[in-house]
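What follows is the residue order along each chain.
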Amino acid sequence: MLSCLLRCAPVLSVAWFVAAPAWGQAGSAQPPDFREAVQAATKLPRIRSLLVSRRGDLILERYFHGARATTHANVKSVSKSVISALTGIAIARGLLRGVDAPIAPYFPELARPNVDPRKRKITIEDLLTMRSGLQSTSGPYYGAWVRSPNWVRYVLERPLIAAPGERVEYSTGNTHLLSAILTKVTGKSTWAFAQEALGKPLGITLAQWTRDPQGIYFGGNEMSMTPRQMIRFGELYANRGVAGGKQVVPASWIDASFIPRGRSSISEQLYGYGWWIGMMADTPVYFAWGSGGQYIFVIPSLDLVVATTSTVGGGDGYHRQHQAVYDLVERFIVQPVAFSLRAGNF
């Protein structure tokens, strides 16, 4: 697909570079300039941004099809990685007992005699890792869920299709339960907590996003961020939770988030605490992944953070976009940087 993309005519876009010219080739004394990455990206009609940061410095910032640095994107399930960070902060502050804590005390309805008693064994970790065992609210069930009058109740009433902790069953309902729990233990909305615990130390203002009928902010979907905000969040994880000289998220939480806890039967990717785990160019990568091509890639061994956004919505190419963007990042960003580092040019 990408080789075909490179043969097509370019699309006009807005660009901003901080990169050295002509690098990544054998014998080059300079690091890569990502020209091929940009050329390939211009052939993707849905892509809106491509940003690369190394050691906290933006070395590539490119926007496409009318997007700007100030353009907010619906980052879709990238939101799950933000909810995970907030959960780690809540645990560090003593607002939650830990990942092994059962969720039943936060939902009295689980104590009713007609409820499957196994549901009372679901833990915070089970929600973080998509191993609650509850039937998914994503995919074909998503529409009925978000049209329901009570999203939390809908999730809790889903039947168990596996024992809690047994296997990954991807479901945004799991992270919405986390948002409901965070709302209870912090005494403030998930958005207000996110702004205080993440936005302020990162120097960003998070936009408010979708809420359920009870006013709980959507946990794990529909967050709105600019690409630069996505980079800032990725850099927080690349720096093991430190921003502005302060420990914003515990380093131990970052480490735990990047440990595989199971594999999705749909994507076949490994999953940790709200982060996907994979390999690019024989290099471990950790990524927040939203439908349609929203990504934050954290590649610690290369000191890289990459963020991409794309148009959200149906239509031709929507479901192929995420793979095209993933392949682009691997082939034209991660591989050249890995090569350049091995050659001592970066």
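Given the structure is predicted, the values throughout are model-derived calculations rather than measurements.

Novice: Please explain the pairing of strand β11 (residues 283-290) as it appears in this structure.
Specialist: Regular strands place their side chains on alternate faces of the sheet. Within β11, seven of the eight residues are buried, leaving the element largely enclosed by the surrounding structure. Note that strand β10 (residues 276-280) and β11 share five bridges and pair antiparallel. From the neighbouring strand, Met-280 faces β11, where its bridge partner is Thr-283. Where β10 folds back on β11, the antiparallel hairpin that results is connected by two residues, among which Ala-281 adopts a positive phi of roughly 50°. Here five bridges tie β11 to strand β12 (residues 294-299), and the two strands are oriented antiparallel to one another. Within β12, the position partnered with Gly-290 by the bridge is Gln-294.

Novice: Teacher, can you tell me more about the side chain of Ser-257 here?
Specialist: Its place among the elements puts Ser-257 in helix α10 (residues 251-257). Ser-257 sits in the buried class, given a relative accessible area of 0%. Those residues within four positions of Ser-257 in sequence are excluded, and the remaining contacts are Ser-84, Tyr-237, Gly-272, Tyr-273, Trp-275 and Ile-277.

Novice: Teacher, can you tell me more about the packing of aromatic side chains here?
Specialist: In this description, an aromatic ring pair is defined by two values, namely the gap between the centres and the angle between the planes. Following the criterion strictly, the structure yields 24 aromatic pairs and no others. Consider the rings of Phe-233 and Trp-275, whose centres lie 6.1 Å apart with planes at 15°: the pair is stacked. With Phe-233 in helix α9 (residues 227-238) and Trp-275 in the loop between β9 (270-271) and β10, this residue pair connects regions lying 42 residues apart in the sequence. You'll find Phe-233 and Trp-275 in the same group, each marked buried. Here the aromatic cluster, defined as three or more aromatic residues joined through ring pairs, consists of Tyr-170, Tyr-271, Trp-276, Phe-287, Trp-289, Tyr-295, Phe-297 and Tyr-326. One cation-aromatic arrangement involves Arg-158 over Tyr-141; the distance from NZ or CZ to the ring centre is 4.8 Å.

Novice: Can you help me understand the confidence of the model for the protein in this one?
Specialist: Reading fine detail from the predicted coordinates is not recommended where pLDDT is low. Residues with a pLDDT of 70 or more make up 89% of the protein, whose mean pLDDT is 91. Between residues 1-29, whose pLDDT stays under 50, and residues either more than four places distant or in other chains, the model counts 74 contacts.

Novice: How should I be thinking about helix α7 (residues 172-186) in this particular structure?
Specialist: Given 3.6 residues to a turn, an α-helix orients residues that are three or four positions apart in the same direction. For α7, with 15 residues, the first-to-last C-alpha span of 21 Å sits near the 21 Å given by 1.5 Å per residue. Where α7 terminates, the next one or two residues include Gly-187, which has phi positive at roughly 75°.

Novice: What am I meant to see in the packing of helix α3 (residues 78-92) against helix α8 (residues 190-202) here?
Specialist: Packed helices, taken two at a time, are described by the angle between their axes plus the distance between the axes. As a packed pair, α3 and α8 sit with axes 11 Å apart at the nearest point and diverge in direction by 75°. Comparing their axes, α8 and α3 come out roughly perpendicular. Residues Val-82, Ile-83, Ala-85, Leu-86, Ile-89 and Ala-90 of α3 lie in contact with α8, whose contacting residues are Thr-190, Phe-193, Ala-194, Ala-197 and Leu-198. Its residues assigned to classes, the contact of α3 with α8 shows ten nonpolar, one polar and no charged.

Novice: What exactly am I supposed to notice about the environment of Phe-64 here?
Specialist: You can see Phe-64 is positioned in strand β3 (residues 57-64). Among the residues examined, Phe-64 registers a relative accessible area of 1% and is labelled buried. Along the chain, Phe-64 and Arg-46 lie 18 residues apart, while their C-alpha atoms are 8.7 Å from each other.

Novice: Just checking my understanding: could you explain the pattern of salt bridges for this structure?
Specialist: Pairs may arise between side chains of opposite charge once their charged atoms sit close together. A full pass over the atoms with the stated rule returns 13 salt bridges. Two residues, Asp-33 and Arg-35, come together in a salt bridge whose shortest N-O distance is 2.2 Å. Since its relative accessible area comes to 9%, Asp-33 is described here as buried. Given the relative accessible area of 54%, Arg-35 is considered exposed. The salt bridge partner of Asp-303 is Arg-55, with a shortest N-O separation of 3.0 Å. Residue Asp-303 is located in the loop between β12 and β13 (304-310), and its partner Arg-55 is located in the loop between β2 (47-54) and β3; the two are separated by 248 residues in the primary sequence. Overall, Arg-55 belongs to the exposed group, its relative accessible area being 63%. Bridged by salt links that share partners, the residues Arg-54, Arg-55 and Asp-303 form one connected network.

Novice: Sorry, what's going on with the environment of Ile-181 here?
Specialist: With respect to the helices, strands and loops of the structure, Ile-181 is situated in helix α7. Through-space distance from the C-alpha of Ile-181 to that of Thr-87 is 9.2 Å; in sequence the pair is 94 residues apart. The contact partners of Ile-181, leaving out residues within four places of it in the chain, are Leu-96, Ile-103, Tyr-106, Phe-107, Ile-124 and Leu-127.

About the thresholds
- Residues numbered from 1 in each chain as written.
- Predicted model: local features only at pLDDT ≥ 70, side-chain atom pairs only at ≥ 80, totals over all residues.
- Heavy atoms only, no water.
- Buried < 20%, exposed > 50% of the residue type's maximum accessible area, 1.4 Å probe, protein only.
- Helix = DSSP H or I, 4+ residues; strand = E, 2+ residues; numbered from the N terminus.
- Pairing = 2+ DSSP bridges.
- Contact = heavy atoms within 4.5 Å.
- Phe/Tyr/Trp six-rings, centres within 6.5 Å; stacked < 30°, edge-to-face > 60°.
- Lys NZ or Arg CZ within 6 Å of the ring centre and 35° of its normal.
- pLDDT = per-residue confidence, 0-100.
- Expected span 1.5 Å × (residues − 1).
- Axes fitted to C-alpha atoms, helices over the stretch in contact; angles between N-to-C directions.
- Parallel < 35°, antiparallel > 145°, perpendicular 65-115°, else oblique.
- Nonpolar A, V, L, I, M, F, W, Y, C, P; charged D, E, K, R; others polar.
- Salt bridge = Lys/Arg side-chain N within 4 Å of Asp/Glu carboxyl O.

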